Every structure is written in structure tokens, then in C-alpha cells.
Amino acid sequence: MRELAYHRATDAAEAVALVTANPSARFLAGGSNLVDHLKLGITEPELLVDVSRLPLDRVEDLPDGGLRIGANVRNSDLGAHPRVRTDYPVVAEAVLAGASPQIRHQATTGGNLLQRTRCVYFQDASTPCNKREPGSGCSAIGGYGRYNAVLGASPDCVTTHPSDLAVALAAVDARVVVLGTDGERRLPMSELHRLPGDEPQRDTTLAHGELITAVELPADPVVQVSGYHKARDRASFAFALVSVAACLDLDGDTVRDVRIAWGGVAHKPWRATRAEEALRGTRFSEDAARDAATLELEAAETDEETAYKVPMVRNATALVLGRLARATTEGAA
Ligand SMILES: Cc1cc2nc3c(=O)[nH]c(=O)nc-3n(C[C@H](O)[C@H](O)[C@H](O)COP(=O)(O)OP(=O)(O)OC[C@H]3O[C@@H](n4cnc5c(N)ncnc54)[C@H](O)[C@@H]3O)c2cc1C
Ligand code: SF4
């Protein structure tokens, strides 16, 4: 049996210092992902630093009208928060589309963003996996590939990022607040996760020991008309095959502004900036949304198992933007 030390942190700086000092140490929040990995033997830390009692469990108004979500805010509390539901509906819808009520009560905002891939080979310690063991190979190439990436994959890793919340946060241009040994820094949500390249073992751009303390949602009218669509095998308790987070600001029927992020297609939430550019300033229609998604998907690389994702994400984009356009028209009527 391996020895595993446990320390309950009472101070964020202490937690950062302890994890930074030990390359195998890990932060423990709700434990709904990390504890599974301990049981599966796919991570073997010497030290767990429990950050779940740190006072990072508040949702607070920011002076500029935005919202600050503490890293320990539970997924269920985030999805039920009145301001999140009213001003950032895409965030509430995405977080409530994830997991089950029981898991959402346990899961935290920070842990949700840093949960690891659901690739079946990553989770099976008996198979080669470059993310788990760099240089060992990628069993998903030529293996079970239905959940694999179609954008931004590399020959070293073809998996996707599983968080629903991360996709919504990418669409609303959230900022991630991070504490390291040199103090606090903020980074755009789109820069938190990374494409696999030749280092698929690195999911994010965070340094070892950096602690997410909060996520900040900007005050921005475009995010008020927003929504999430998740295509999955079952109506609940299933990860996304593909998902779409979108925000739409129409002036009459002209697109003043639009944000689109996709889940289930890449190693990180995929911000569809090419599609957004194609739609801005044009007359909105679901066909135009489909055409814009097609432009973004020109870079897609598929095989027999993943080919379904391209039409699925294209149609899901048109579907969610169409819903937002109708909501705007009905709201204005
Ligand atoms: C059966 C099942 C179904 C699920 N379905 C979905 C789904 O459909 N959609 C979805 O999005 N998720 C789903 N999840 C994943 C679930 O949402 C995550 O397990 C959960 O959000 C992780 O949060 P946690 O607080 O429990 O994290 P933990 O398990 O405690 O930690 C996860 C990782 O984050 C790190 N970490 C935690 N907090 C911080 C922090 N503040 N700063 C830095 N690092 C930190 C930990 O070190 C660890 O590496 C599912 C999980 C299960 C078990
Ligand atoms: S796709 Fe990535 S996570 Fe899955 S087996 Fe290959 S290297 Fe591992």
C-alpha cells in the first residue's frame, strides 16, 4: 500500500506553497474526479492538500457589474444562483447539464474546470496513454474513438476536454483568477486549457501549485441572451458528444455581436472565432449560422468514428442561435 499524506489547508497561500514544494502533491476540492483517479491508480500523489474549506465559496457582485465566482462554489449553487440564471443563462444551463444532482452538490467550480479527460484509455492504467505516461503511445488512435477530437488534435493525443462549464465560460469571455507563489494573476478562460501538441500530459497553462481562486464573469450585454445545447447519449448523467455555448446580440435581424464556443470537439473548449466573424454584421438566419459553422469546421479532421460530430456541431450551433434569435424577437414584441 502507498502512503498518502493529507493536509487540510486553512489559508490559500499555504496551500499553494505546499503543493508547489512537492511535484507529486495535488489540491483536493470536491474530490469527485481526483478520488476516482486515486482508486483507479492513474495518479499516485504523496500529498493531498484539501482546499475545500478555504473561504472561496461566495458568488459576489463586482464593482463593474460583473460577477466573481469563488473556486469552491458548488456546481449546484452556481446553477441555482439568481444572478447567474438571469445575467449569464449560458453558465447556469451548462453547469446544470453536467453530471447528476448528487455530483453537482459535491463538485466545485475550480475542480470542474480542472477535471481530467474521460478518455477510456486514460482511465485504464493497463493501456498506453501519452497523457498518463508521456511517450507510452496513444491507444485511442485506432481504438475506441467516438468521443475523440475533430479539431486541434495531435498525433500524440486525440482526446477532448469534458467540462460543460468550461465551454460556457469560454463563450462569455470569463477570466480565471489564479494564485501562485509570486502572487495573483488573471488569465482569459480561452488561455486556461491548451491543445495537446507533443505534451498531452499538460492539460492547462497553469504551473504546478497554482491555485484557481475564482472565476470572473464580465458585465457584457451580449451574454444576457445566451444558451447551451448539449448532445449526449442519454438525457442526463452523460458527457457531451458535442456541445454549443452561444451568446447573441441582434439589432433588428442584424447580428451586432455573437459568441460561440464548442465542447466535445477538441482538447480544450473551442472558441469558434471564424464563425463569429462570418456572422457579425450580417442578417441572422439559422442557415447563416450553419454556413458560419461550416467555415469554422473546414479545419476538422475526422475518421469513421468521429465523422458524425461535424454535422452534429453545425446543426447544434444553428439550433441554439436560432433559439436565442427567437427569444430576442419575442422579448422585443
Ligand atoms: C459519473 C460522473 C459524471 C459526470 N458528468 C459530467 C458532465 O456531464 N459534465 C461535466 O462537466 N462534468 C461531469 N463530471 C465531472 C464532475 O463535474 C467533476 O468531477 C467535478 O466538477 C470536479 O470537481 P471537484 O471539486 O470534485 O474536483 P476534484 O476531484 O477535487 O479535483 C479535480 C482536479 O482539479 C484540481 N483542483 C481542484 N480545485 C482546484 C483549484 N481551486 N485550483 C487548482 N486545482 C484544483 C485537483 O487537484 C484535481 O486535479 C462527472 C463526474 C462523474 C463522477
Ligand atoms: S487520446 Fe490522449 S488521453 Fe486518450 S489514450 Fe491517447 S494520449 Fe491518452
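Cut-offs applied
Residue indices begin from 1 for each chain and proceed along its sequence in written order. Going through the entries in the order they are written, you letter the chains from A and number the ligands from 1. Under the rules for a predicted model, residues below a pLDDT of 70 receive no local features and side-chain atom pairs below 80 are neither given nor counted, while totals for whole chains, interfaces and linings still include all residues. Derived side-chain values reflect all non-hydrogen atoms in the structure, with water molecules and hydrogen atoms excluded from consideration. Numbered from the N terminus, helices here are DSSP runs of H or I no shorter than four residues, and strands are runs of E no shorter than two. Accessibility here uses a 1.4 Å probe with only protein chains present; expressed as a share of the type maximum, an area under 20% marks a residue as buried, one over 50% as exposed, and anything in between as partly exposed. Should any heavy atoms of two residues lie within 4.5 Å, those residues are considered in contact. Only the protein chains shown count as cover for residues, and the accessible areas themselves come from Shrake-Rupley with a 1.4 Å probe. We call a residue near a molecule or strand as soon as one heavy atom of that residue lies within 4 Å of the molecule or strand. Amino acids outside the nonpolar list (Ala, Val, Leu, Ile, Met, Phe, Trp, Tyr, Cys, Pro) and the charged list (Asp, Glu, Lys, Arg) are all regarded as polar, and Gly is one of them. Any two strands between which DSSP finds at least two bridges are classified as paired. In this description, a line fitted to the C-alpha atoms serves as the axis of each element, helices being fitted only across the stretch in contact, and the angle between N-to-C directions of two axes falls anywhere from 0 to 180 degrees. Here a polar contact means two N or O atoms within 3.5 Å. Within protein one must be a hydrogen donor candidate and the other an acceptor candidate, and residues neighboring in sequence count only if both atoms are side-chain atoms. Here, the term nonpolar core denotes a set of buried Ala, Val, Leu, Ile, Met, Phe, Trp, Tyr and Cys residues that are joined through side-chain atoms within 4.5 Å. UniProt positions are given in the numbering used here, feature names are shortened, and annotations may be inferred rather than shown by experiment. Angles below 35 degrees are treated as roughly parallel, those above 145 as roughly antiparallel, those between 65 and 115 as roughly perpendicular, and all remaining angles as oblique. By definition, any crossing whose near helix is turned counterclockwise from its far helix by less than a right angle is left-handed, and any crossing with a clockwise turn is right-handed. The arc refers to the directions leading from the helix axis to the C-beta atoms.

With an unreviewed UniProt entry as reference, the protein is termed Xanthine dehydrogenase YagS FAD-binding subunit, source organism Nocardioides massiliensis.

Can you tell me about the overall build of the protein, naming the residues and giving the values?
A count of helical and extended segments in the protein gives eleven helices and twelve strands. Each principal axis of the C-alpha atoms in the protein carries an extent, and together these give about 65 × 50 × 35 Å. Looking at the protein as a whole, 52% of its 333 residues qualify as buried. For the protein, the share of sequence-separated contacts (at least 6 apart) that also reach a separation of at least 24 residues comes to 63%. Of the roughly 14700 Å² of accessible surface on the protein, a fraction of 51% belongs to carbon and sulfur atoms.

With reference to specific residues and values, describe the site of ligand 2.
Near ligand 2, the surroundings consist of 13 residues, among which Cys119, Cys129, Cys138, Cys157 and Val158 are the closest. Residue composition of the shell around ligand 2, grouped by class: eight nonpolar, three polar and two charged.

Account for the sheet that holds strand β11 (residues 254-263), with residues named and values stated.
Ordered by their spatial adjacency, four strands build an open sheet running β9-β10-β11-β12, and the pairing between neighbours is antiparallel. Two strands bound the open sheet, and with one partner strand each, they are β9 (226-231) and β12 (270-271). Sheet analysis places strand β10 (residues 242-251) next to β11, joined by nine bridges and oriented antiparallel. Paired with Leu250 across the strands is Val255, a residue of β11. Lying on the sheet, helix α5 (residues 89-96) is in contact with β9 and β10; it crosses β9 at an angle near 25 degrees. Contacts between helix α8 (residues 164-171) and the sheet are confined to β9, β10, β11 and β12, with β11 contributing the most and set at about 155 degrees to the helix.

Tell me about the site of ligand 1, and name the residues and values.
The environment of ligand 1 is formed by 31 residues, the closest being Phe27, Gly31, Ser32, Thr108 and Asp164. Backbone polar atom of Phe27 to an oxygen atom of ligand 1: 2.5 Å apart, as the coordinates give it. When isolated, ligand 1 has an accessible area of 970 Å², and the protein chains bury 92% of it. Only β2 (26-28), α7 (109-114) and β8 (211-217) provide two or more residues apiece to the shell around ligand 1. For the shell around ligand 1, the element with the highest residue contribution is α7, accounting for four residues. Among the residues forming the shell around ligand 1, the class breakdown is 15 nonpolar, twelve polar and four charged.

Could you give an account of the nonpolar core, naming the residues involved and the relevant values?
Within the largest apolar cluster, 51 residues are counted, with the highest numbers of intra-cluster contacts made by Val91, Leu169, Val172, Met189 and Leu217. Elements represented by at least two residues in this core include exactly α1 (12-21), β3 (47-50), β5 (67-70), α5, α8, β6 (175-180), β8 and β10. It is α8 that contributes the most residues to this core, seven residues altogether. Excluding residues that lie within four positions of it along the chain, Leu169 makes contacts with Val91, Leu113, Ala174, Met189, Val215 and Leu217. Ala289, Ala293, Ala316 and Ala318 belong to the second largest nonpolar core, which has 31 residues in total.

Describe the UniProt feature "domain: FAD-binding PCMH-type" (unreviewed entry) in the protein, with residues and values.
The residues that UniProt annotates with the feature "domain: FAD-binding PCMH-type" (unreviewed entry) are residues 1-222. Span residues 1-222 is 26% helix and 17% strand, its end C-alpha atoms 53 Å apart.

Summarise the packing of α5 against α8; cite the residues concerned and give the values.
Here α5 crosses α8 at 170 degrees, and the two axes come no closer than 8 Å. Taken together, the axes of α5 and α8 lie roughly antiparallel to each other. Of the two elements, α5 crosses α8, and the hand of that crossing is right-handed. Across from Val90, Val91, Ala94 and Val95 in α5, the residues of α8 making contact are Asp164, Leu165, Ala168 and Leu169. Its residues assigned to classes, the contact of α5 with α8 comprises seven nonpolar, no polar and one charged.

Can you tell me about α1, naming the residues and giving the values?
For α1, every residue scored as buried is listed here: Ala12, Ala15, Val16 and Val19. For α1, the angular spread of buried residues about the axis comes to 100 degrees, placing them on one side. Here the buried face of α1 lies against β2, β3, β6 and β8. The N-capping residue of α1, defined by a side-chain oxygen 3.4 Å from the backbone nitrogen of Ala13, is Asp11.

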